[in-house]
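# Fold and geometry: a report
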Amino acid sequence: MSTFGALNTAYRGLTAAQQAMTVAGQNIANAATDGYTRQRVEQSAIAAPAQGLNGSGRPEVGQGVSVDSIARLGNTTLDASVRSASAQAGYASTRSAALQGIEGVLQEPGDNGISTALQGFWAAWQGAARQPDDDGPKGLLLTAANSLTDKISTGYQALQAQWSSVRAKASDAVDAVNAAASQVAAYNATIRSTVAAGGTANELIDARAKLTETIARLAGGTVREQPDGTVDVHIGGNALVMGTSVRTLALSGQSTDALGAPVQLLWKNPDGVASTDGGEIAGALSVLAPAAGGNGGAIAEAAASYNGFASALATAVNAVHQTGTTGSGTTGTDFFTVTGPSAALGIKGPISTSAVALGKSGAGAFDTSVADAMAQLGTGSTSPDKLWSGIVTGIGVQSRGAQQREDLAAATQASAVTGRASQTSVSLDEENVNLLTNQHAYQAAARVMTAVDEALDVLINRTGLVGR
Amino acid sequence: MLNRVTNLTMTAAAQRTLQTQQSKLADLQDKASTLNKISRPSDDPAATAQALETRALQAANAQYGRNIDDGNTWLSAADSALQQASNVMQRIKDLTVQAGNGTLPQSGKDAIANELDSLNQDLINVANSKHLGRNIFAGNSDKATPFDGAMPPTFVAAGTSPVERRISETQTVRVDADGGTIFGSGTGSVFDTVNKLATDLRNGADTMPRVSEIDDAYKKIVNGRADVGARQAQLDRAGTVNTGMEASLDAQRTGIEKADLGSVIMDLKLQETNYQVALAATARVLQPTLMDFLR
């Protein structure tokens, strides 16, 4: 052991303690930083040099402490569970929000819904039946019919607007995924070169983890860590980010597309259809899908229900109306006219009271048997009221299910985030203890240095002075 | 490893707890201020279906109630018209008995005949009487005078459908009276009988055979009135049922859609306490760190 070895050992202790205090300071400084992962100084004791041929043959003490690295105390498993929980929560919350939007359009049960308008419509027929000699009640009947058709078409238009808004949001989400993916690639490049040069990239890794979490929330996806410090992000089994190269995603169709148009998630360069593993985009795509006999997208299915209801209403009412004679004497005429591809938008009542048939011909000018039969349409087991009630209940059940799934997914996400936070977040108490420990270690190392210094002082300055 | 508790996890947990408690509080406050159990279908899809059904039944019931009221005015009008008719017939019967007196001079018979003519005209007016501009005794006809033409007038509205009001989902009630049956048409009608009686009196013929004819015509009018009365009783019963139904449907709907005030207030008070406890606990938990004790 050399003369100054002990000084060197003390110096190593000083720097190690200093480094540890600096890391504790960094941790405390970032105690509230979102996405920050706590760090630790990894240190190890330096062994005594191996005894060579010229070794002293005496036992030797080690040579102090070495700061090996500053470790990021993250956990890839917990990160992965947060990402997968985020993907599910994003999917569930988008679906739940869309279905609650559809429910909002229904305005049921209440005085502004279609059911109230329907009841008003049937009542107006009976009102007209009481005074067939008067045009007033017939006018009220036309108003009731208009109010009903208005409600149907307004509801349908609200669904169209909702579809466009969800599509716009999905498009924004795709843009956000692309932006996040290119940032991940940029971080990959920096982290790879930093790690290769032996540096510490902990904060960069934190920032990149936040980005991959964003991608997971929006589009699902899995993250694979590579030995060189980079990560690959895969969506639906295909690489979105691989090292420093990025593939971009896009939505099919135009931003001006309207309700009913197919929407898909597409890969660019090279082109292809992308599948998602959850996330907000998958949730949006699932509610945007075209109607498919009850199994299509929620918005399009609701719109199809509106169309089906409008057609059924027109068919039922017209079938009865055709048996009667109108005020102007014609028979076999329709009450509701339905034009255009969407029955909900194209359903219209008559404009003039003379087009209303209250009774049959040959039973007296004031016969009201048709009006009575019409009012009876509202009470049967196959009545439009029942059909509408079924539609409302169906949407209600779907929405309830989606809200329950959302609650569940949110709880799962909260538990995953808590689990990760309990591992990675900074505990101020813990950092204070570390600070104390290292402060004392620093002071002690300084004391060692002083002790060695004094010993050497004795050896150098006070030795050999005998007899002076 | 999951047991490690840090300031961040504690803050996050406290925030989540506060958020949960606050959203529960907001829900309950909303419920207490509106007392609505169902504000959207997903709150309770099954109850929503029931609520829609009950609302439809309520609307229909209200409409039946209006129909019953309207039917009652019709039947009252028919009843009072028939009462007038029977009063007139009563007078005609009196005159018929008076005319049967063999000692009556021809001038007296002529006077009775004149009065009979004018009473016959009254009968025709009654038979043509209207309610709210509609004929009472001519079904759904729009004829201005359903008993029309020279003496004896014919019933020109035969074959038209009766005026009916729907009083329940399954029942309709006729609210007019059949003029053809009550007064008859042309030859054989009550007008014809009275007219022939007057003619016989003027000709000095024996009027005894006419007495039974007048009695028959009178019976027809009384029967018509009894029929109207029976239907009015039916409407009254339907009205009672309708009112009872209205109350029960209202109670049913309130039960489905409205929350119980007492339980909502209790829940709200309890939740307020919960929230205050959560706030107090949070304030206590978040304060101390090791730094408070180190020097």
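Residues numbered from 1 in each chain as written. Chains lettered and ligands numbered in written order. Predicted model: local features only at pLDDT ≥ 70, side-chain atom pairs only at ≥ 80, totals over all residues.

The next thing to look at is the overall build of chain B. Scanning chain B from terminus to terminus reveals 7 helices and 6 strands. The order of helices and strands in chain B, counted from the N terminus, is α-α-α-β-β-β-β-β-β-α-α-α-α. A compact globule built from 295 residues would reach a C-alpha radius of gyration of about 19 Å, whereas chain B, at 39 Å, exceeds it by more than 25%. Expressed along its principal axes, the backbone C-alpha trace of chain B runs to roughly 140 × 30 × 25 Å. A total of 295 residues make up chain B; the buried ones form 35% of that total. Expressed as a percentage of contacts within chain B between residues at least 6 apart in sequence, the contacts between residues at least 24 apart total 73%. (Helix = DSSP H or I, 4+ residues; strand = E, 2+ residues; numbered from the N terminus. Rg over C-alpha atoms; globule rule 2.2 N^0.38 Å. Buried ≥ 20, exposed ≤ 12 C-beta atoms within 10 Å, placed from the backbone. Contact = placed C-beta atoms within 7 Å.)

Okay, the overall build of chain A next. Of regular secondary structure, chain A possesses 11 helices and 13 strands. If one aligns the C-alpha atoms of chain A with their principal axes, the spans along those axes are about 155 × 45 × 30 Å. Going through the 468 residues of chain A one by one, you find that 44% of them count as buried. Nonlocal contacts in chain A, meaning residues at least 24 apart in sequence, comprise 70% of its contacts between residues at least 6 apart.

Below, the discussion takes up the interface of chain B and chain A. In this complex, chain B contributes 43 residues to the contact, which on the side of chain A involves 44 residues. Contributing elements (two or more residues each) for the side of chain B that touches chain A: α1 (7-34) and α2 (45-99) of chain B. For the side of chain B that touches chain A, the element with the most residues is α2(B), which contributes 13 residues. For the side of chain B that touches chain A, the residue count by class is 18 nonpolar, 14 polar and 11 charged. (Nonpolar A, V, L, I, M, F, W, Y, C, P; charged D, E, K, R; others polar.)

This paragraph deals with the domain arrangement of chain A. Residues and elements named next belong to chain A. Domain boundaries assigned for chain A yield domain 1 (5-73 + 427-461), domain 2 (79-109 + 167-293) and domain 3 (115-156 + 299-392). Taking only C-alpha atoms into account, the centre of domain 1 sits 45 Å from that of domain 2. Contact with domain 1, which involves 6 residues of that partner, is made by 6 residues of domain 2. By residue class, the composition of the side of domain 1 that touches domain 2 is 2 nonpolar, 3 polar and 1 charged. (Domains from an automatic or database assignment.)

With that out of the way, let us pick up helix α1 (residues 5-29) of chain A. Residue and element names in this part refer to chain A. If you check α1, its first and last C-alpha atoms are 36 Å apart, about what 25 residues at 1.5 Å a residue would give, namely 36 Å. Buried within α1 are the following residues: Ala6, Thr9, Ala10, Gly13, Leu14, Ala16, Ala17, Ala20, Val23, Ala24 and Asn27. Residues of α1 that are buried in the fold lie against β1 (39-45), β2 (65-72) and α11 (428-461). (Expected span 1.5 Å × (residues − 1).)

Moving on, we get to the packing of helix α4 (residues 135-196) of chain A against helix α7 (residues 298-321) of chain A. All names here are of chain A. In the contact formed by α4 and α7, the axes pass within 10 Å of each other and the chain directions differ by 165°. Between α4 and α7, the angle falls in the class roughly antiparallel. Once α4 is placed against α7, the crossing between them reads as left-handed. Facing α4, whose interface residues are Ile152, Gly155, Tyr156, Leu159, Gln162, Trp163 and Val166, α7 presents Ile299, Ala302, Ala303, Tyr306 and Ala310. Residues belonging to the contact of α4 with α7 are distributed by class as follows: 10 nonpolar, 2 polar and no charged. (Axes fitted to C-alpha atoms, helices over the stretch in contact; angles between N-to-C directions. Parallel < 35°, antiparallel > 145°, perpendicular 65-115°, else oblique. Left-handed = near helix turned anticlockwise from the far one by under 90°.)

This part takes up the nonpolar core. Core analysis: the biggest nonpolar cluster contains 161 residues, and A:Leu159, A:Ala181, A:Ile281, A:Ile299 and A:Ala310 have the highest contact counts within it. No other element matches the 21 residues that α2(B) contributes to this core. One finds A:Leu14, A:Val41, A:Val65 and A:Ala445 within the second-largest nonpolar core, a separate group that totals 12 residues. (Core = buried A, V, L, I, M, F, W, Y, C linked by C-beta atoms within 7 Å.)

A separate point is unusual backbone geometry. Of note, the bond from A:Asn269 into A:Pro270 is cis; its omega dihedral lies within 30 degrees of zero at -10°. As for its placement among the helices and strands, A:Pro270 is situated in the loop between β8 (265-267) and β9 (272-273). In this chain, B:Met151 is followed by B:Pro152 through a cis amide linkage whose omega measures -5°. Of note, B:Pro152 is situated in the loop between β3 (147-148) and β4 (154-155). Checked against the element boundaries, A:Asn269 lands in the loop between β8 and β9. You can call A:Asn269 exposed: it has 8 C-beta atoms within 10 Å.

Next up on the list: the packing of helix α3 (residues 114-130) of chain A against helix α10 (residues 384-424) of chain A. Residues and elements named next belong to chain A. Taken N-terminus to C-terminus, the directions of α3 and α10 make an angle of 175°; their axes are 10 Å apart at the nearest point. Taken together, the axes of α3 and α10 lie roughly antiparallel to each other. Residues Ile114, Ser115 and Leu118 of α3 lie in contact with α10, whose contacting residues are Pro384, Asp385, Trp388 and Ser389. Tallied by class, residues from the contact of α3 with α10 come to 4 nonpolar, 2 polar and 1 charged.

The next point concerns the sheet that holds strand β3 (residues 222-225) of chain A. Residues and elements named next belong to chain A. Strands sit in the order β3-β4-β5-β6 across an open sheet of 4 strands; the sheet is antiparallel. Among the strands making up the open sheet, the edge pair consists of β3 and β6 (245-246). Pairing between strand β4 (residues 231-235) and strand β5 (residues 238-242): 3 bridges, direction antiparallel. Paired with His234 across the strands is Ala239, a residue of β5. (Pairing = 2+ DSSP bridges.)

Looking now at the environment of A:Ala314. Residue and element names in this part refer to chain A. With respect to the element layout, Ala314 can be found in helix α7. Residues Ala314 and Ile28 lie 286 residues apart in sequence; the distance between their C-alpha atoms is 70 Å. Those residues within four positions of Ala314 in sequence are excluded, and the remaining contacts are Phe336, Val338, Ala343 and Ile347.

Before going further, it helps to examine the sheet that holds β9(A). Residues and elements named next belong to chain A. Taken together, 3 strands build an open sheet; the order of strands is β7-β8-β9 and the sheet is antiparallel. The strands lining the two open edges of the sheet, one partner per strand, are β7 (249-251) and β9. Where β8 and β9 come together, 2 bridges link them in antiparallel fashion. Bridged to Trp267 within β9 is Gly272.

Another aspect to go through is the pairing of β5(A). Look at any regular strand and the pattern is simple: side chains alternate between the two faces of the sheet. Residues and elements named next belong to chain A. Hairpin geometry of β4 and β5 is characterised by an intervening segment of 2 residues between the two adjacent antiparallel strands and by a positive phi of about 60° at Gly236. Bridging between β5 and β6 involves 2 bridges; their strand directions are antiparallel. Following the sheet pairing, Val241 is matched in β6 by Val246. Remark: 2 residues form the turn of the hairpin made by β5 and β6, two consecutive strands paired antiparallel; Gly243 in that turn has positive phi of roughly 60°.

Before going further, it helps to examine the confidence of the model for chain B. Of all residues in chain B, 98% have pLDDT values of 70 or greater, and the mean over the chain is 89. Under the prediction, the complex receives an ipTM of 0.85, its pTM being 0.85. (pLDDT = per-residue confidence, 0-100.)

Another aspect to go through is the environment of B:Gln22. Structurally, B:Gln22 is set in helix α1. On a C-alpha basis, the gap between B:Gln22 and B:Asp122 in space is 80 Å, while along the polypeptide they are 100 residues apart.

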